[in-house]
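Working through the structure, step by step
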Number of protein chains: 2
Amino acid sequence: MPRTGGQERRSTLVEEAIRRFGRDGYQGTSLEAVASAVGVRKQTLLYYFPTKEALLESCLAAAGERLAEVIGRGLEGKEATEDRAEAVIHAVFSLAAEWPEFPMFIREAGRLGPDAFERFAAVLEPLRLRAVDFLQTGMDNDLIRKQDPAFLLFTLYTAVVGSLTEASVLNALVGPQKGRASLHRREREVIAFVRGALRPPADPGG
Amino acid sequence: MPRTGGQERRSTLVEEAIRRFGRDGYQGTSLEAVASAVGVRKQTLLYYFPTKEALLESCLAAAGERLAEVIGRGLEGKEATEDRAEAVIHAVFSLAAEWPEFPMFIREAGRLGPDAFERFAAVLEPLRLRAVDFLQTGMDNDLIRKQDPAFLLFTLYTAVVGSLTEASVLNALVGPQKGRASLHRREREVIAFVRGALRPPADPGG
DNA sequence: CCCCTTGTCTACCGAGCGGTAGACAAGGCA
DNA sequence: TGCCTTGTCTACCGCTCGGTAGACAAGGGG
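The residue numbers shown here count from 1 along each chain, following its written sequence. The naming scheme follows written order: chains are lettered A onward, ligands numbered 1 onward. Two thresholds apply to this predicted model, a pLDDT of at least 70 for residue-level local features and 80 or more for giving and counting side-chain atom pairs, whereas whole-chain, interface and lining totals are computed over all residues. To obtain the side-chain values, all non-hydrogen atoms of the structure were used and water was disregarded.

Check the secondary structure of chain A and you find 11 helices and 0 strands. What counts as a helix is a DSSP run of H or I of at least four residues, what counts as a strand is a run of E of at least two, and both are numbered from the N terminus. Starting at the N terminus and walking to the C terminus, you meet the elements of chain A as α-α-α-α-α-α-α-α-α-α-α. Based on the C-alpha atoms only, the size of chain A along its principal axes is roughly 70 × 40 × 30 Å. Scored against the burial criterion, the 206 residues of chain A give a buried share of 48%. The contact rule is simple, with two residues in contact once any of their heavy atoms fall within 4.5 Å. Taking contacts inside chain A between residues at least 6 apart in sequence as the whole, the part at least 24 apart equals 68%. On chain A, roughly 10,100 Å² of surface is accessible, and the fraction owed to carbon and sulfur atoms is 52%. When charges are tallied, Lys and Arg are placed among the positive residues and Asp and Glu among the negative ones, while His and the ends of the chain are skipped. By convention, charge coordinates are those of NZ in Lys, CZ in Arg, CG in Asp, or CD in Glu. Of the side chains in chain A, 27 bear a positive and 28 a negative charge, and the two mean positions are spaced by 7 Å. Buried, partly exposed and exposed residues are distinguished by accessible area as a fraction of the type maximum, computed with a 1.4 Å probe on protein chains only: under 20%, between the cut-offs, and over 50%, respectively. Accessible surface is estimated by sampling points in the Shrake-Rupley manner with a 1.4 Å probe; for residues, cover comes only from the protein chains shown.

Another point: the protein's contact with DNA strand C. The environment of DNA strand C is formed by 18 residues, the closest being Lys52 of chain A together with Arg41, Gln43, Thr44 and Tyr48 of chain B. Among the atoms of DNA strand C close to the protein, meaning within 4 Å, 55% are from sugar or phosphate groups. At 2.9 Å from a base oxygen of DNA strand C is found a side-chain nitrogen or oxygen belonging to Lys42 of chain A. In protein, a polar contact means a hydrogen-donor-capable atom and an acceptor-capable atom, both N or O and within 3.5 Å, with residues adjacent in sequence counting only if both atoms are side-chain atoms; elsewhere, any N or O pair within 3.5 Å suffices. Residue Tyr48 of chain B places a side-chain N or O atom 2.5 Å away from a phosphate oxygen belonging to DNA strand C. Counting residues per element, the ones that place at least two in the surface near DNA strand C are α3 (42-48) of chain A together with α1 (4-24) and α3 (42-48) of chain B. Among the elements that make up the surface near DNA strand C, the one with the highest residue count is α3 of chain B (4 residues). Nearness is defined per residue: one heavy atom within 4 Å of the molecule or strand is enough.

Chain A puts 48 residues into the contact, and the matching count from chain B is 48 residues. Summed over both partners, the accessible area lost on bringing two parts together, with a 1.4 Å probe, is the buried area. Summed over both partners, the interface of chain A with chain B buries about 4,500 Å², with 65% contributed by carbon and sulfur atoms. On the chain A side of the interface with chain B, the three residues burying the most area are Phe151, Phe154 and Phe193 of chain A, jointly 17% of the side's total. When a carboxyl oxygen of Asp or Glu is within 4 Å of a side-chain nitrogen of Lys or Arg, the pair counts as a salt bridge. Seen at the junction of chain A and chain B, the total is 4 salt bridges. Between Arg185 of chain B and Asp148 of chain A there is a salt bridge whose closest N-O contact spans 2.7 Å.

The next subject is the pattern of salt bridges. Taken as a whole and assessed by the stated rule, the structure comprises 30 salt bridges over all chains. Arg19 of chain A is the partner of Glu16 of chain A in a salt bridge, and the nearest nitrogen-oxygen pair spans 3.3 Å. Of this pair, Glu16 of chain A and Arg19 of chain A both sit in helix α1 (residues 4-24), separated by 3 residues, roughly a single helical turn. The class for Arg19 of chain A is partly exposed, based on a relative accessible area of 28%. The partner of Glu166 of chain B in a salt bridge is Arg107 of chain B, with the nearest N and O atoms 3.0 Å apart. Taken as a pair, Glu166 of chain B in the loop between α9 (149-165) and α10 (167-174) and Arg107 of chain B in helix α6 (residues 101-111) lie far apart in primary sequence, 59 residues in all. Each member of the pair, Glu166 of chain B as well as Arg107 of chain B, carries the same accessibility label: buried.

Below, the discussion takes up the relation of the copies chain A and chain B. Of the transformation placing chain A onto chain B, the axial shift is 0.0 Å and the rotation is 180 degrees, giving an RMSD of 0.0 Å. Between the two chains, the operation in question is that of a two-fold axis. Among all C-alpha atoms of chain A, that of Ala197 of chain A lies closest to the rotation axis, at 1.9 Å. Taken together, the interface assignments show that 100% of the residues at the interface of chain A recur at the interface of chain B, consistent with an identical surface on both copies. Copy-to-copy superposition: least squares on the C-alpha atoms, limited to residues that have pLDDT of at least 70 in both copies.

Nonpolar side chains in soluble globular proteins tend to be buried together. Among buried residues, the Ala, Val, Leu, Ile, Met, Phe, Trp, Tyr and Cys ones that are joined through side-chain atoms within 4.5 Å form a nonpolar core. Of all hydrophobic cores here, the largest spans 132 residues; its most connected members are Leu67, Phe117 and Phe120 of chain A together with Leu67, Phe117 and Phe120 of chain B. Apart from the residues within four sequence positions on either side, Phe120 of chain B is in contact with Leu60, Ala63, Gly64, Leu67 and Ile106 of chain B.

Before going further, it helps to examine the environment of Leu164 of chain B. All names here are of chain B. Mapped onto the secondary structure, Leu164 falls in helix α9. Along the sequence, Leu164 and Pro100 sit 64 residues apart, while their C-alpha atoms lie 8.2 Å from each other. Each residue touching Leu164, except ones within four places of it in the same chain, is listed here: Val92, Phe93, Ala96, Pro103, Met104, Leu183 and Arg186.

Turning next to the protein's contact with DNA strand D. If you check the shell around DNA strand D, you find 17 residues, and the closest are Arg41, Gln43, Thr44 and Tyr48 of chain A together with Lys52 of chain B. Backbone atoms, meaning sugar and phosphate, make up 55% of the atoms of DNA strand D lying within 4 Å of the protein. Between DNA strand D and Arg41 of chain A, the relevant distance is 2.8 Å, taken from a phosphate oxygen to a main-chain nitrogen or oxygen of the residue. Contacts to DNA strand D include Thr29 of chain B, whose backbone N or O atom sits 3.3 Å from a phosphate oxygen.

Following this line, the structure appears as structure tokens:
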């Protein structure tokens, strides 16, 4: 009834849709499931989002904004080279801790084709540029092993997102995971792994 | 009409299903699509596989066997520590080159829950044990950076599979990819990345 | 020669989906 | 007061999907 009700409904619907799309996939999620989960009928959802695809696009945009904000906040005040990569990973893991379906949804976005992912990644473009620049500078200063910075960023992405989404693989490869402790454990392992991968080769003149 | 026709149909159906499940997802693939792609009606498929889930299970088992065979063959004759990790990556990339939907299907298997992935991973269990043992031995001999071998294997898995399946991300992060050359490029980058991540810390004592 | 297994087909069913049509309740505003 | 927008609902439509029932053709073996 209040006019703010509209926008609130919109965002709760989008958040719930991100959860469902992440957990069950886009095709595996029915509009009725999203709607009833927030206590509303399917036709009410269709009032806010005329089609399922429109709902998806809103989810992609919202996810991009949320991730950009979390990473941006995590980077504040971190100036040292090593701290910055770690801060990004920590920010993503923190988001995943309070919203486990979030990384799953991002992976689903990649699965839905380049157009969908583009919609999500658009708002992250400034961060991407900063990241590539950061890596390039680190290589120039011999703080990071020399390699293609764009490819390196891609591989880092797959390692981080993979460690947050491949629960079944984790289960098969290292054993059953449960609770928040294992997430922290994984974060430490990923950070250690990334640190090792970034480290420049042993420099006898160092 | 010949009695061998049955088994041949079975395997062509399974191969086509792996392609479709990988490309469009399990939920996004209809039985009719799989059947008609091999020139047969849906009911003929259901003659060989009574349910969609039965088809999936056959796909999981077949994929596991195929991957185990490819990796096993790739490891033949490779004894040096560095060569072995590289050989596995190369084997997987070669399989992906001739069958792009294969890694996508594996990722889909992980998405379908631990049970499904277990079915796929079961036949790979001996290889997993060899891999963990290999990593542990390398660490004991100071050839590999010391860390949890199971977690390391998991992170390596995510990096390799991610680089073969996250096409949309690759497109957004490093630019449009096309053709076989870019796949080789990616293989080289992943191998360099993994080599860097495995490398033990600089040891002043040589 | 006949039947029975193997493989493929047409026809159909029930359920669930995305989306449309339209009724209806409740403020906000003239 | 009366209307009109906003938000939610019930009812329904058409389509696709997974799965069933059963006809039918064609060898192979008694």
